[in-house]
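# Reading the structure
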Amino acid sequence: MMRILNFLNPLARLGVKKYSVWFPIILNLTVCIFSELYAYLIAKDPNIVGTYIIFINVGVIIYFSFRDGIRAGFISSIITVLYYLYIIQTRHFTGSQWDSGVETTFILMFLYLLLSATIGYLKQRIDQLIIQEMEARQLAEDGKLRLETILQQLPVGVLLVDSKGKKLEGNKHLEKIMGKAIKGSLERNNNYQSPKAFKEGKALFAKEWPLVRALNNGEVISGEELEFLREDKKNYFLRINAAPIRNKDKQIIAAVSTIDDITPEKELEQRKEDFVNMASHELKTPITSMKIYIEVLLSQIKNFHDPKVTKTLTSIKSQTERLQELVSDLLDMSRIQTGKLHFNKQEFRLDELIEETAEILQKTTKQHQIIFKGEKLVVNADKFRIYQVVTNLITNAIKYSPNGKHIKIQLKKSNSKAVVSVKDEGIGISKEQQKKIFERLYQVTDTHGRSFPGLGMGLYISKEIIKRHRGAIWVEGEKDKGSTFFFTLPIK
Ligand code: ADP
């Protein structure tokens, strides 16, 4: 029953593009046959067929145009008009009666066709819109499903919140990291200090959380590292990205954050740091003893006047000193990493320190001439650490200018700062490498295959020392055209 009602109901067929041909033909013919049967058999008056049939026909034409579109409307109109002509023929109309009958039929035909074209067109257009809408909805649904699957499979935690901070989406990985499902809204209260999230040991205010910053200030945060204390008291290290999502008018409508658990990475890093720290401490003592024994030996054999033995022992001594420098660099690096690099500040003449250092290092090279020019300037700094920086810059200038002749050092005062420059005529550094050389363990790989010994620790340590003295360190120059290293220190 329902199926028959659905078949007949034109509203149920909206958005269905199956337009019947046979059903309008059959139903229209049935209407004509019934009309004839009624006139001849029941009313027994062939001329009774009159205005009422026009109403029935108009109803049928509207019905089919709305149910099956323009084509069905035309079929109904044509069958109806043929039936009218059949009536005119069989009822033996004469003279003016025949003329006005044919004329009315043609006017009606025109009206019926217009009616079915208009209604049929509307019906087909509605179908098209409904189908388009359904397809678009399906597409959006598919897209949502695809995104949901990707989101759940991502190996990082993802959290999406709306403009009020209410959670919209969160994936399985996020639950795994947080140890529980995230529910409700973000805490955005400015004065709320989190007992859970820490940055460099300091508890964060809610407004300082990356996702809150993205939502409140539109900040895009990339690779921020936080420590997170879970409810089960386990400590986690997280690397977090966050970004706001804006609408067409640039208003923030949501924010998204990705959260990566980097605890294993951090633990491995810590183990490496501990190892380097321990190894350098362990190496320091035997190397110092070795150096003392060599010095004792050297002073003892002085009386024997054996130049060969003296030469051998002197080179063992200088290699031991080199080893001592490397171990001390390793220790410094480890101190920087663990925040244990401490300074003993005192006032001293920077020009004197540089001059003395240049004189000592001049003894290590015959090829280069180290020239110093500078004003008398007093700084308040850790003298040994600044000596370490100056030594590092001059030894690098010697090492990386195998064909250079002069190394020019200058000391100037500029804007209550002491500015030191060390200029060489060496291999130079390309612009893109200039920032990287101050990174930990960074060494420039030479495309010409030339290699210089070193571990890439010197400039990193120098940068930390200068930074902690509230100064700056940088390099200028070009590849193959020599380099000039600068550093500044505040003066009183
Ligand atoms: P190391 O000299 O032990 O490799 P540094 O940290 O002192 O380590 O220097 C890092 C890198 O910077 C070096 O490997 C070198 O490629 C580049 N560099 C440093 N000083 C100079 C210089 N004066 N001229 C050209 N390159 C330099």
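Our structure's up above, just so we're on the same page.
Here is a short report on the structure shown in this document. Quick caveat, the model's predicted, so the values are computed rather than measured. (Residues numbered from 1 in each chain as written. Predicted model: local features only at pLDDT ≥ 70, side-chain atom pairs only at ≥ 80, totals over all residues. Heavy atoms only, no water.)

Next up on the list: the overall build of the protein. When you go through the protein residue by residue, the secondary structure sums to 12 helices and 14 strands. Viewed in the frame of its principal axes, the protein has a C-alpha envelope of about 155 × 55 × 45 Å. Looking at the 492 residues of the protein, the share that counts as buried comes to 36%. Long-range contacts, defined here as pairs at least 24 residues apart, represent 63% of the contacts in the protein between residues at least 6 apart. Carbon and sulfur atoms form 59% of the exposed surface of the protein, whose accessible area is close to 30,400 Å². (Helix = DSSP H or I, 4+ residues; strand = E, 2+ residues; numbered from the N terminus. Buried < 20%, exposed > 50% of the residue type's maximum accessible area, 1.4 Å probe, protein only. Contact = heavy atoms within 4.5 Å. Areas by Shrake-Rupley, 256 points an atom, 1.4 Å probe, with all protein chains shown as cover.)

Residues that lie three or four places apart on an α-helix share one face, since the helix turns once every 3.6 residues. Within helix H6 (residues 210-217), six of the eight residues are buried, which leaves it mostly tucked inside the rest of the structure. Residues Pro-210, Leu-211, Val-212, Arg-213, Ala-214 and Leu-215 constitute the buried set of H6. Looking at the packing, one finds that the buried side of H6 touches strand S1 (157-162), strand S5 (221-229), strand S6 (235-246) and strand S7 (252-261). Phi turns positive one or two residues past the end of H6, at Gly-218, with a value near 70°.

What follows is about the environment of Glu-425. On the secondary structure map, Glu-425 appears in the loop between strand S12 (417-423) and helix H11 (431-434). Taking relative accessible area as the criterion, Glu-425 reaches 39% and is therefore assigned partly exposed. Linking Glu-425 and Gly-482, residues 57 residues apart in sequence, is a C-alpha distance of 4.3 Å. Other than its neighbours up to four places away in sequence, Glu-425 contacts Ser-401, Gly-404, Lys-405, His-406 and Gly-482. There is a polar contact of 2.9 Å between the side chain of Glu-425 and the backbone nitrogen of Lys-405. (Polar contact = N/O pair within 3.5 Å; in protein donor to acceptor, adjacent residues only side chain to side chain.)

This part covers the site of the ligand. Taken together, 20 residues are adjacent to the ligand, and Asn-396, Tyr-400, Asp-424, Gln-443 and Leu-459 come closest. Within the side chain of Asp-424, an N or O atom sits 2.9 Å from a nitrogen atom of the ligand. Interatomic distance of 3.2 Å between a backbone N/O atom of Leu-455 and an oxygen atom of the ligand. Its free accessible area being 520 Å², the ligand has 95% of it covered by the protein chains. Those elements giving two or more residues to the shell around the ligand turn out to be helix H10 (383-399), helix H12 (458-468) and strand S14 (483-490). Here the shell around the ligand takes three residues from H10, the largest share from any one element. Taken together, the residues of the shell around the ligand break down into 10 nonpolar, eight polar and two charged. (Near = heavy atom within 4 Å. Nonpolar A, V, L, I, M, F, W, Y, C, P; charged D, E, K, R; others polar.)

Turning next to the pairing of S14. For a regular strand, side chains alternate in direction, first toward one face of the sheet and then toward the other. Burial runs high along S14: seven of the eight residues are buried. Pairing between S12 and S14: seven bridges, direction antiparallel. Bridge assignment links Val-420 to a residue of S14, and that residue is Phe-487. Of the strand pairs in this sheet, strand S13 (residues 473-477) and S14 are connected by five bridges, and their pairing is antiparallel. (Pairing = 2+ DSSP bridges.)

Backbone geometry at Ser-416 places phi at a positive 50°, although glycine is not the residue there. With respect to the helices and strands, Ser-416 occurs in the loop between strand S11 (406-414) and S12. Backbone geometry at Asp-480 places phi at a positive 65°, although glycine is not the residue there. Tracing the backbone through its elements, the reader meets Asp-480 in the loop between S13 and S14.

Let us look at the pairing of S5. For S5 and S6, the ladder comprises seven bridges, and the chain directions are antiparallel. Bridging from a neighbouring strand, Ile-221 pairs with Ala-242 of S6. With antiparallel pairing between neighbouring strands as the criterion, S5 and S6 make up a hairpin whose turn holds five residues, including Lys-233 at a positive phi of roughly 70°.

Another aspect to go through is the packing of aromatic side chains. Applying the stated criterion to the full structure yields nine aromatic pairs. Measuring from ring centre to ring centre gives 6.5 Å for Tyr-83 and Tyr-86, while their planes differ by 20°; the resulting arrangement is stacked. Here Tyr-83 and its partner Tyr-86 are both found in helix H3 (residues 51-90), three residues apart, which amounts to about one turn of the helix. The structure contains a cluster of three or more aromatic residues connected by ring pairs, namely Phe-7, Phe-23, Tyr-63 and Phe-64. (Phe/Tyr/Trp six-rings, centres within 6.5 Å; stacked < 30°, edge-to-face > 60°.)

Enumeration according to the criterion identifies 22 salt bridges in this entry. Across the pair Arg-440 and Glu-273 runs a salt bridge whose closest N-O atoms are separated by 3.4 Å. With Arg-440 in the loop between H11 and H12 and Glu-273 in helix H7 (residues 263-301), the pair connects residues that are 167 residues apart, well separated along the chain. Looking at Glu-273, the relative accessible area reads 11%, which means it is buried. Each of the salt bridges in this network shares a partner with another, and the network as a whole consists of Lys-199, Arg-213, Glu-219 and Glu-224. (Salt bridge = Lys/Arg side-chain N within 4 Å of Asp/Glu carboxyl O.)

Take the sheet that holds S13 next. Taken in spatial order, the five strands make up an open sheet running S9-S11-S12-S14-S13, and their pairing is mixed. The sheet is open, and its two edges are formed by strand S9 (369-374) and S13, each paired on a single side. Averaged over neighbouring strand pairs, the angle between their axes works out to 15° when direction is ignored. In the packing of H12 onto the sheet, the strands contacted are S13 and S14, and the crossing angle to S14 comes to about 25°. (Axes fitted to C-alpha atoms, helices over the stretch in contact; angles between N-to-C directions.)

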